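The primary structure of each chain is shown beneath.
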Amino acid sequence: MTTLSPWARCAFLGAATVALVCGACQRRDRHALPLGKIASAADGYATGVSSSDARFIVNITGFHNPESVRYDPDGDVFFISNMAGYGSAKDGNGYIIRVSAADPNRSIVLVQGGRNGVVLNAPKGIAIHGDTLWVTDIDVLRGFDRHSGVPLATIDFQPQHAVQLNDVAVGPDGTLRVTDTGILMNAAGAPHTGPDRIFAVKNGAISTIAAGPQLRQPNGITWDSTAKRWIVVSYDPFVGEVATFTDGDSLRHVIRTGTGKLDGVKVLHSGAIIFSSWADSSVHILENGHERKLIRQVPVPADIGLDTRRNRVAIPMSNVGWVQLWSLRSGETDDASNSH
């Protein structure tokens, strides 16, 4: 998630870096969107700090508040949601870019607010079910054809008084689960208003799976196909929790408490859990009950994606307009849980 406007982002970066990414700091012309492009460390872009388990590959730049990355193994592409402004603004500026995982210099705008009958304000979490690309958008869930970008469905959460639908994941039976972080994303930052909730969507019908302050601002969610459970991370700035739910049960089991402002979460083939934290600008790994930092010094890491073909993690950095690719040690990734 992002809490800075495109203009505030310039102040965040500093003058030297802004010169390199000035295109992300200008008011966007919705009819002439810049596409992602590769920029090397030699160009002056920060790369973060690796561990023995991860190696920096490349920066892809030119995005506008990229929030979520979803890898599609069938098409060998990344889908990247761009809020292009504040996450609570119904401004019609949102868009989704499709980027080749094999060659990140090849990209197209798949979905764009205000074009071809599309309404898209501040898209965040992405899930794939069949040929449908499901995307959260403040208080609605929108479905698009993953090949053409044609709008297919809109599921309205306004009757549920949704505040900030954030992430979406697909279960083994096709049921969608959607988090409501209960925050506003505007010039004031990300004030928490509540309520905090996790919804289920089946055949277009919405039900509430869990609700209450004990959820600690639920953000990233994924289905763990190895352990047959849902995993949710919390955005609470003080206490970041990783919690699990079994399918069909609202009982919450906390398996990690620590650094806050957690955002994206994925499960590796080994059963290890990786998740991003804004609080310490890192991607963490939780494995066999032990936690360590996998990648450090990556500012505002949002909803991470996994390229299962190349064993790479994609880290969207909302406030700087980048997506970084990092290689994980061989045989680690498993992103089948959110692509059915």
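Residues numbered from 1 in each chain as written. Predicted model: local features only at pLDDT ≥ 70, side-chain atom pairs only at ≥ 80, totals over all residues. Heavy atoms only, no water.

**Side note on the sheet that holds strand β13 (residues 197-202)**
Here is step 1: Here we have four strands laid out as an open sheet, ordered β11-β12-β13-β14, and antiparallel in their pairing. Two strands lie at the open edges of the sheet, namely β11 (165-170) and β14 (205-211), each paired on one side alone. Between one strand axis and the next, the sheet turns through 25 degrees on average, direction left out of account.
Here is step 2: As defined by bridge partners, β13 adjoins β14 across six bridges and the pair is classed as antiparallel. Looking at β14, one finds that Phe 199 is bridged to Thr 208. (Pairing = 2+ DSSP bridges. Helix = DSSP H or I, 4+ residues; strand = E, 2+ residues; numbered from the N terminus. Axes fitted to C-alpha atoms, helices over the stretch in contact; angles between N-to-C directions.)

**Topic: the sheet that holds strand β6 (residues 107-112)**
Here is step 1: Pairing in this open sheet of four strands is antiparallel, and the strands run β3-β4-β5-β6 from one edge to the other. Here the strands that pair on one side only, and so sit at the sheet edges, are β3 (66-72) and β6. When the angles between neighbouring strand axes are averaged without regard to direction, this sheet yields 25 degrees.
Here is step 2: Taken together, the six bridges between β3 and strand β4 (residues 77-82) define a ladder with antiparallel strand orientation. The residue of β4 that forms the bridge with Val 69 is Ile 80.

**Side note on the packing of aromatic side chains**
Here is step 1: In this structure the tally under the stated criterion is five aromatic pairs.
Here is step 2: Judged by centre distance (5.5 Å) and plane angle (75 degrees), the rings of Phe 56 and Trp 326 are edge-to-face. One end of the pair, Phe 56, is in strand β2 (residues 54-61); the other, Trp 326, is in strand β25 (residues 322-328), with 270 residues separating them in the sequence. (Phe/Tyr/Trp six-rings, centres within 6.5 Å; stacked < 30°, edge-to-face > 60°.)

**Quick notes on the pattern of salt bridges**
Here is step 1: The final tally for this structure, using the stated rule, is 20 salt bridges.
Here is step 2: As a salt-bridge pair, Asp 247 and Arg 177 come within 3.5 Å of each other at their nearest N and O atoms. With Asp 247 in the loop between β17 (240-245) and β18 (253-258) and Arg 177 in strand β12 (residues 176-180), this pair connects stretches of sequence that are 70 residues apart.
Here is step 3: A salt bridge links Arg 216 to Glu 241; the nearest nitrogen and oxygen atoms lie 3.2 Å apart. Taken together, the positions of Arg 216 in the loop between β14 and β15 (218-224) and Glu 241 in strand β17 put the pair 25 residues apart, joining distant regions of the chain. (Salt bridge = Lys/Arg side-chain N within 4 Å of Asp/Glu carboxyl O.)

**Topic: the confidence of the model for the chain**
Any residue range with low pLDDT should be treated as having predicted coordinates unsuitable for detailed reading.
Here is step 1: Here the chain shows a mean pLDDT of 86. Residues at 70 or above account for 82%.
Here is step 2: Between residues 1-32, whose pLDDT stays under 50, and residues either more than four places distant or in other chains, the model counts 78 contacts.
Here is step 3: pLDDT under 50 marks residues 331-337. Its contacts with residues more than four places away, or in other chains, come to 30 contacts. (pLDDT = per-residue confidence, 0-100. Contact = heavy atoms within 4.5 Å.)

**A look at the environment of Ala 314**
Here is step 1: Mapped onto the elements of the fold, Ala 314 is located in strand β24 (residues 312-317).
Here is step 2: Once residues lying within four places of it in the same chain are set aside, the contact partners of Ala 314 are Val 69, Phe 78, Ile 304, Gly 305, Val 323, Gln 324 and Leu 325.

**Structural notes on the environment of Arg 142**
Here is step 1: Mapped onto the elements, Arg 142 comes out in strand β9 (residues 140-145).
Here is step 2: C-alpha separation for the pair Arg 142 and Ile 126, spaced 16 residues apart in sequence, amounts to 9.7 Å.
Here is step 3: For Arg 142, the side chain forms a polar contact with the main-chain oxygen of Val 119, separated by 3.0 Å.
Here is step 4: Among the polar contacts made by the side chain of Arg 142, one reaches the side chain of Asp 137 at a distance of 2.7 Å. (Polar contact = N/O pair within 3.5 Å; in protein donor to acceptor, adjacent residues only side chain to side chain.)

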